[in-house]
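The lines below spell out each chain.
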Amino acid sequence: MKVLLLNPPSNGAYNRLGLKFPPLGLGYLASVLRQRGHWVDIIDFNVQKLSLSNLPWEEWDIVGISGDTSSHSRVMKIAGAAKEAGKTVVVGGYHASFREEEVLKSGIVDFVVKGEGEESFAELVDCLEEKGNLAKVSNLAYWRDGRVLESFKKEPPADLNKIPWPARDLLSMSLYRSVKLEDRRITTLVTSRGCPYSCSFCCSSAFAGRRWRSRDINDVVWEIEHLANDYNFGAVAFLDDNFTLNVNRLKLLCEEMIKLNLDLKWWCFSRVDTLRENEEIIDKMARAGARMIFLGLESGSQKILNAYNKEMQLEASEKVIRILREYDIKVWGSFILGSPDEKLEDLRATVNHAIHLNPDIAEFAILTPYPGTKLFKQAEEQGLIVSRDWSKYDGSHAVMKTKYLSPFQISRETARAYIKFYCRPLRWGQVWSGIKNKLLSWRY
């Protein structure tokens, strides 16, 4: 069959800042579909300026759309256009996986594929082509006789090595070359999936399972070489939720990159507790090309960290950042404001904690109750949610109140946090450098 995969325009803060990367999730779906003999096209509306009304819908049988909560309204707009054109419409991604009834009741979506979609979506396409039994397709939801029917649940694939690399040849990779890590053009890579943790504000473990699964190190290195040789990228962002979880695997990967002299710069996500007692691995990461690490530092209050089920000690952050600096690895620190139990003094303690730690980049996100999280259920039960405008569920808008703070207060304090952190004499040079770089990028 002929399948069109669509990535809706993002409403997120990163996209607004120009951090546009290829939609690897759709790339993985495409590679699996092609293995099974289907024809696939991908359109990413974040970089391709196309009109829905001008798309040649007649060229495809099935339209698949993936999106998160903040882009949900745009997902549904695309779904409506595809349905009007007479296509079979399938939606996946985080929001649809946890709000399948809402999506299907719209009448413009035929199927929702829940969780990691490579196997389930391919099974569905095969089934539709063969006019088979939908009950044999895993992790599927659809609307029948006024209610949602769900097929059997299947665990995410255990062996990630069986999933081919994303079909980057179907993506306009030349359009994703504006983002740099230092002096290198950077692109994205995934080496593992799953999260054994259960932070209250995150739905990764519910979406991809709590079992952490990783790819073979040699396969990862080959993909890095492929990105360097075939697409001319000199830097990589490892998008794994838990890239540093298995220290032994990380050590072997770094040693392999060093041995092959890959001349790579990279950044990744990590947790403070993983790195706290592992200076040796930080040394290897630096020698293998690590230039920046994203750390979820979250709060300046141990009480709030415990409420998030973060499993992290407040005092550990300072030690980890100090060690990373010794190895010339920059820190992107993420902080969250607006916990249900947070008072004004707790929120301001987080800002002061950020100033004390002084990461190279500080991000202050407003706590958002995403569907599928424990936080969403808690906020619903306590009547804290004040907006169901999904487009505002982007970490930049206050869509819930706390027991002590209004949405306006949370928004105001978030704005003040950025001003207080970046408008210090210590930061003036960095702010001017950022403005200058932005002006130069507009000029050229």
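In this report, the structure presented in the accompanying data block is examined. If you're wondering where the values come from, they're calculated on a predicted model, not measured in any experiment.

Some points on the sheet that holds strand E15 (residues 330-337)
Reading across from one edge, E8-E9-E12-E13-E14-E15-E16 is the order of the seven strands in this open sheet, with mixed pairing throughout. The open sheet has two edge strands, strand E8 (180-181) and strand E16 (361-366), and neither has a second partner. In this structure, strand E12 (residues 235-238) lies alongside strand E13 (residues 265-270), joined through four bridges in parallel fashion. Note that in E13 the partner of Ala237 across the bridge is Trp267. Of the strands in this sheet, strand E9 (184-189) and E12 are in contact with helix H8 (residues 217-231), which crosses E9 at around 140°.

So, unusual backbone geometry
Not every positive phi belongs to a glycine, and Asn139 is a case in point at roughly 55°. Judged by its relative accessible area of 13%, Asn139 is buried. For Glu311, which is not glycine, the phi dihedral falls at a positive 55°. Residue class for Glu311 comes out partly exposed when judged on its relative accessible area of 48%.

Describing the packing of helix H13 (residues 316-326) against helix H14 (residues 344-357)
For any two helices packed against each other, one specifies the crossing angle of their axes together with the interaxial distance. The contact between H13 and H14 brings their axes to 10 Å, and the two run at 30°. Of the possible angle classes, the one that applies to H13 and H14 is roughly parallel. The two elements H13 and H14 meet at a crossing, and its hand is right-handed. Within the contact between the two elements, H13 uses Ser317, Glu318, Ile321 and Arg325 and H14 uses His353, His356 and Leu357. Split by residue class, the contact of H13 with H14 holds two nonpolar, three polar and two charged.

So, the pattern of salt bridges
If you walk through the whole model with that rule in mind, you get 36 salt bridges. Salt-bridge contacts for Arg168 lead to Glu223; the nearest nitrogen and oxygen are separated by 2.7 Å. Taken together, the residues span a long stretch of sequence, with Arg168 in the loop between strand E7 (147-150) and E8 and Glu223 in helix H8 at a distance of 55 residues. Of the residues examined, Glu223 reaches a relative accessible area of 0% and is grouped as buried. A salt bridge links Glu255 to Lys284; the nearest nitrogen and oxygen atoms lie 3.3 Å apart. Here Glu255, found in helix H9 (residues 247-259), pairs with Lys284, found in helix H11 (residues 279-287); they are 29 residues apart in sequence, far enough to count as distant. Each of Glu182, Asp183, Arg184, Asp263, Lys265, Arg291, Asp328 and Lys330 takes part in one network of salt bridges that share partners.

Details of the packing of H9 against H11
Where H9 contacts H11, the two axes come as close as 9 Å, and the packing angle between them is 30°. Relative to H11, the element H9 lies roughly parallel. Remark: the crossing between H9 and H11 carries left-handed chirality. Residue-level contacts link Val247, Leu250, Lys251, Cys254, Glu255 and Ile258 of H9 to Glu280, Ile281, Lys284, Met285 and Arg287 of H11. Per-class residue counts for the contact of H9 with H11 are six nonpolar, no polar and five charged.

Focus: the packing of aromatic side chains
Inspection of every chain in the model, using the stated rule, returns 16 aromatic pairs. Their ring planes at 65° and their centres at 4.8 Å tell us that Trp390 and Tyr393 sit as a pair that is edge-to-face. For Tyr393, a relative accessible area of 0% translates into the label buried. An aromatic cluster of at least three residues, connected via ring pairs, comprises Phe335, Phe364, Tyr418, Phe421 and Tyr422. Between the NZ or CZ atom of Lys343 and the centre of the ring of Tyr404, over which it lies, the distance is 5.1 Å. Arg424 extends its terminal NZ or CZ atom over the ring of Phe421, reaching a point 4.6 Å from the ring centre.

The rules behind the values
- Residues numbered from 1 in each chain as written.
- Predicted model: local features only at pLDDT ≥ 70, side-chain atom pairs only at ≥ 80, totals over all residues.
- Heavy atoms only, no water.
- Pairing = 2+ DSSP bridges.
- Helix = DSSP H or I, 4+ residues; strand = E, 2+ residues; numbered from the N terminus.
- Contact = heavy atoms within 4.5 Å.
- Axes fitted to C-alpha atoms, helices over the stretch in contact; angles between N-to-C directions.
- Buried < 20%, exposed > 50% of the residue type's maximum accessible area, 1.4 Å probe, protein only.
- Parallel < 35°, antiparallel > 145°, perpendicular 65-115°, else oblique.
- Left-handed = near helix turned anticlockwise from the far one by under 90°.
- Nonpolar A, V, L, I, M, F, W, Y, C, P; charged D, E, K, R; others polar.
- Salt bridge = Lys/Arg side-chain N within 4 Å of Asp/Glu carboxyl O.
- Phe/Tyr/Trp six-rings, centres within 6.5 Å; stacked < 30°, edge-to-face > 60°.
- Lys NZ or Arg CZ within 6 Å of the ring centre and 35° of its normal.

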